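One-letter residues, chain by chain:
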Amino acid sequence: MHDLRMVRDQVEQLRDGMRRRGKLDVHGPEIDEAEALDRTRRAAITAVEEKKSRRNALTQEVGRLKKAKADAEVPMAAARTLGDEIAAIEADLTPTQARLDELLLGIPNVPLADVPAGDETQNRIVRSWGVPRAAESVKPHWEVGSALGILDLERGAKVAGSGFVVYRGKGARMIRSFMNAMLDLHTGEFGYEEIWVPAVVNRASMTGTGQFPKFADDQYALEGEDLFLIPTAEVPVTNLYRDEILGADDLPKAFCAYSPCFRREAGAAGKDTRGVLRVHQFDKVELVRYCAPDQGEAELERLLGHAETVLQRLGLPYRVLLLAAGDTGFSSAKTYDLEVDTGFASGKTYDLEVFAPGVGKWLEVSSCSLFTDFQARRANIRYRPAPGEKPRFVHTLNGSGLAFPRIFAAILEHYQQPDGSVAVPEALRPWLGVDRLA
């Protein structure tokens, strides 16, 4: 959510941010309306304050006249008229403020200055690691998983519908090993606090991280209750300190959490629907950080490095993308995507992508984002820089560390052997308990 000062004192910066996102035609009229409503709101508040001051003076005059046993009807009538006028203005202020809040909640974050302008075609490859496996004779993961009896797409669709997956035997064990390996890495080596969170959240939490009101239709709602299945652990974890004030020595804070994730929009574009590349329910370990405003970009690089370490330990070739403004998420000011070997150009902030040779695409497996104070302002998460100083909003960050289905797919495709088996990355063997899937 934007500070009112953005539409009051920095409106051209806001317009430029929407222009770089390619959304000025959508959000430009909203910015104009917000600017006009803010002027109307301020004028109304000034009018109310002036009328209240005049009414107070009249009230004092009434008291003086009554004390002198003089006729006070004229100032009393004038005071009543002012009271009616104040009530009318304040009644008009309520819908004005509501519409202004609605507009500010619906305008995306302003991308940082080093984020390229344009759509996903302007995403910038920052670096890559490892050598992608040649695609010749590599089978797609759904064929390999089915042959090994560890992936059952048909029964997943039977019990829940399209976009839901059943992992079996060593496949299920592999998913569990991802959770343990990633949580142990981030807590043991990188200092994250492990959090176990609810799989449902309330409306305030979804609003705090930016899913509501803009993307309400993409979420799974619990019928008869104002609760929603989480699209990512980012939502409950980021909201842990909603409406609280932290101390300066509390920052930075770092959390990691495993959770199932639920997204109705998965597969809506009609692409990447084979196998486990785009599903309605999946699992991942999420990384969330709070920091002081001047530490945001350094913390983003730190977060990205933690996600990259997972891929390096798994031996999966990947690349890092800095997302262009038009491909950057609604709440984010800067995002890196991590992609593993598979040609799939994902759309996120730094994105990490791995290559899956069986489908010949780069797959986004992590999106590491800096939200500046956009989420903290919505969720009212603040810190006090020093005793006696006015609280400021923290800056929030999050990234996947990592998303399980695409890591599963990348391993099956990158590590498959001529005899149809799949070698298990060495770093995963202590948790999985085997060195080969056969």
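This report concerns the structure included in the present document.

What counts, and where the lines are drawn
- Residues numbered from 1 in each chain as written.
- Predicted model: local features only at pLDDT ≥ 70, side-chain atom pairs only at ≥ 80, totals over all residues.
- Heavy atoms only, no water.
- Axes fitted to C-alpha atoms, helices over the stretch in contact; angles between N-to-C directions.
- Helix = DSSP H or I, 4+ residues; strand = E, 2+ residues; numbered from the N terminus.
- Parallel < 35°, antiparallel > 145°, perpendicular 65-115°, else oblique.
- Left-handed = near helix turned anticlockwise from the far one by under 90°.
- Contact = heavy atoms within 4.5 Å.
- Nonpolar A, V, L, I, M, F, W, Y, C, P; charged D, E, K, R; others polar.
- Buried < 20%, exposed > 50% of the residue type's maximum accessible area, 1.4 Å probe, protein only.
- 1 Å grid on protein atoms, 1.4 Å probe; cavity = no way out; pocket = protein on both sides within 12 Å on 5 of 7 lines; lining within 4 Å.
- Points joined across faces, edges and corners; volume = space filled by probe spheres on them.
- Pairing = 2+ DSSP bridges.
- Phe/Tyr/Trp six-rings, centres within 6.5 Å; stacked < 30°, edge-to-face > 60°.
- Expected span 1.5 Å × (residues − 1).
- Core = buried A, V, L, I, M, F, W, Y, C linked by side-chain atoms within 4.5 Å.
- Arc of directions from axis to C-beta.

Notes on the packing of helix H7 (residues 170–188) against helix H10 (residues 296–314)
- Two numbers describe how H7 lies on H10: the axes approach to 11 Å, and their chain directions differ by 130°. Between H7 and H10, the interaxial angle falls into the category oblique. H7 and H10 meet at a crossing whose hand is right-handed. Where H7 approaches H10, its residues Met182, Leu185 and His186 are matched on the opposing element by His306, Thr309, Val310 and Arg313.
- Within the contact of H7 with H10, the residues separate by chemical class into three nonpolar, three polar and one charged.

So, the side chain of His27
- Tracing the backbone through its elements, the reader meets His27 in helix H3 (residues 24–67).
- Judged by its relative accessible area of 3%, His27 falls in the buried class.

Structural notes on the layout of surface pockets
- Its boundaries defined by the atoms lining it, the second largest pocket holds a volume of some 710 Å³.
- Lining the second largest pocket are 26 residues; nearest its centre among them are Asp3, Arg5, Asp373, Arg377 and His395.
- Of all the elements in the fold, those that place two or more residues in the lining of the second largest pocket are helix H1 (4–8), helix H2 (11–21), helix H11 (374–379) and strand E15 (392–393).
- Ranked by residue count, the leading element in the lining of the second largest pocket is H2, at three residues.

Here's the deal with the pairing of strand E8 (residues 253–262)
- Along E8, nine of the 10 residues are buried, which leaves the element largely enclosed by surrounding structure.
- Here strand E4 (residues 193–194) pairs with E8 via two bridges, running parallel. Residue Glu194 lies in a different strand from E8, and its bridge partner there is Cys256.
- The pairing of E8 with strand E9 (residues 281–291) spans 10 bridges and is antiparallel. Within E9, the position partnered with Phe262 by the bridge is Gln281.

A word on the sheet that holds strand E7 (residues 244–247)
- Pairing in this open sheet of three strands is mixed, and the strands run E7-E14-E15 from one edge to the other. Edge strands, defined here as strands with exactly one partner in the open sheet, are E7 and E15.
- The pairing of strand E14 (residues 381–384) with E15 spans two bridges and is antiparallel. The partner of Arg382 across the bridge, within E15, is Phe393.

Concerning the packing of aromatic side chains
- What the rule picks out here adds up to 13 aromatic pairs.
- Note on Tyr241 and Phe255: the rings are 6.3 Å apart at their centroids and 25° apart in plane angle, and the pair reads as stacked. One end of the pair, Tyr241, is in the loop between helix H9 (234–238) and E7; the other, Phe255, is in strand E8, with 14 residues separating them in the sequence.
- An aromatic cluster is defined as three or more aromatic residues linked by ring pairs; in this entry it consists of Phe178, Trp196, Tyr258 and Phe404.

Description of unusual backbone geometry
- The omega angle of the peptide bond from Phe212 to Pro213 is 0°, so this bond is cis rather than trans.
- Mapping Pro213 onto the fold places it in the loop between helix H8 (203–209) and strand E6 (227–229).
- At the junction of Gly401 and Leu402, the peptide bond is cis and its omega measures out at 15° in the coordinates.
- In this structure, Leu402 sits in strand E16 (residues 395–403).

Structural notes on H10
- Helix length check: H10 (19 residues) gives 28 Å between terminal C-alpha atoms against 27 Å at 1.5 Å per residue, within 8%.
- Three or more residues of H10 are buried, namely Gly296, Glu299, Leu300, Leu303, Leu304, His306, Ala307, Glu308, Thr309, Val310, Leu311 and Leu314.
- Positive phi shows up at Gly315, right after H10, with a value of about 70°.

A few points about the environment of Glu90
- Position of Glu90 relative to the elements: it lies in helix H4 (residues 73–106).
- Relative accessible area serves as the criterion here: at 35%, Glu90 is assigned to the partly exposed category.
- Separated by 21 residues in the primary sequence, Glu90 and Pro111 place their C-alpha atoms 36 Å from one another.
- Apart from residues lying up to four places away in sequence, Glu90 is in contact with Val48 and Lys52.

A short note on the nonpolar core
- In this structure, Phe178, Leu311, Leu316 and Phe408 are the most contacted members of the largest nonpolar core, which totals 65 residues.
- Looking at which element gives the most residues to this core, the answer is H7, with eight residues.
- Contact partners of Leu316, with chain neighbours within four places excluded, come to Trp129, Leu311, Val340, Val354, Ile407, Ala410, Ile411, His414 and Tyr415.

Focus on helix H5 (residues 141–148)
- Turning to H5, its buried residues number three or more, namely His141, Trp142, Val144, Gly145 and Leu148. Buried residues along H5 cover an arc of 160° about the axis, so they all sit on one side.
- Lining the buried residues of H5 we find strand E2 (151–152), helix H6 (153–159), helix H12 (404–414), strand E17 (422–423) and strand E18 (436–437).
- Phi for Gly149, located one or two positions after H5, is positive at around 75°.

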